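Each chain is listed here by its residues.
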Amino acid sequence: MIMLFVIAAFTSCVKKVNSEGIVYSKMGQPVSNVTVTLYVYTSGKDTPLPNPYHATTDGNGHFMFSETIAKNRSFGLDVSNGNEFFHKEHLSREDLKHYDIHLK
């Protein structure tokens with residue numbers, strides 16, 4: 001009985017983060033085989049938590065995350081492929097559902 005309560009309490013504190021999108025170069029072309037990093041923040045004003053999540057874009061520049069993360073978190077995305085980069089913080093779960101990244 002206690003174990004069931006602990007499991008129920010834990011699952012009510014976490015929520016799935018489903019995110020997908022396409023990484024585009026400065027020239028507007030999809031970028032394959034780059035790493036997209038998903039950072040998790042507790043308040044949005046702190047440094048990200050350790051152990052961020054990573055996804056690699058496919059041949060069409062598409063990336064996807066599906067992670068179980070504690071509720072009440074904000075997120076950041078980061079990509080770099082040498083001369084081009086992207087970094088964005090203060091994203092919500094809703095923002096992440098579909099997020100195309102345009103490198104600078």
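Residues numbered from 1 in each chain as written. Predicted model: local features only at pLDDT ≥ 70, side-chain atom pairs only at ≥ 80, totals over all residues. Heavy atoms only, no water.

### A word on the nonpolar core
At step 1: Core analysis: the largest hydrophobic core is formed by 20 residues, its most contacted members being Val23, Val36, Leu38, Phe75, Leu77, Val79 and Ile101.
At step 2: Among the elements of the structure, strand E1 (14-24), strand E2 (35-41), strand E4 (62-70), strand E5 (74-80) and strand E6 (85-91) are those that each provide at least two residues to this core.
At step 3: Setting aside residues up to four positions removed in sequence, Leu77 forms contacts with Val36, Thr37, Leu38, Phe65, Phe86, His87, Lys88, Leu91, Leu96, Tyr99 and Ile101. (Core = buried A, V, L, I, M, F, W, Y, C linked by side-chain atoms within 4.5 Å. Buried < 20%, exposed > 50% of the residue type's maximum accessible area, 1.4 Å probe, protein only. Helix = DSSP H or I, 4+ residues; strand = E, 2+ residues; numbered from the N terminus. Contact = heavy atoms within 4.5 Å.)

### Overview of the environment of Val31
At step 1: Locating Val31 in the fold gives a position in the loop between E1 and E2.
At step 2: Separated by 31 residues in sequence, Val31 and His62 have C-alpha atoms that sit 8.3 Å apart.
At step 3: Non-local contacts of Val31, meaning those with residues more than four positions away in its chain, are made with Val23, Tyr24, Ser25, Thr57, Asp58, Gly61, Asn81 and Leu103.

### Some words on the packing of aromatic side chains
At step 1: Counted under the stated rule, the structure contains 2 aromatic pairs.
At step 2: Seen in terms of ring centroids, Phe63 and Phe65 are 6.1 Å apart; in terms of plane orientation they differ by 65°. Their pairing is edge-to-face. The pair formed by Phe63 and Phe65 is uniform in burial state, with each residue classed as buried. (Phe/Tyr/Trp six-rings, centres within 6.5 Å; stacked < 30°, edge-to-face > 60°.)

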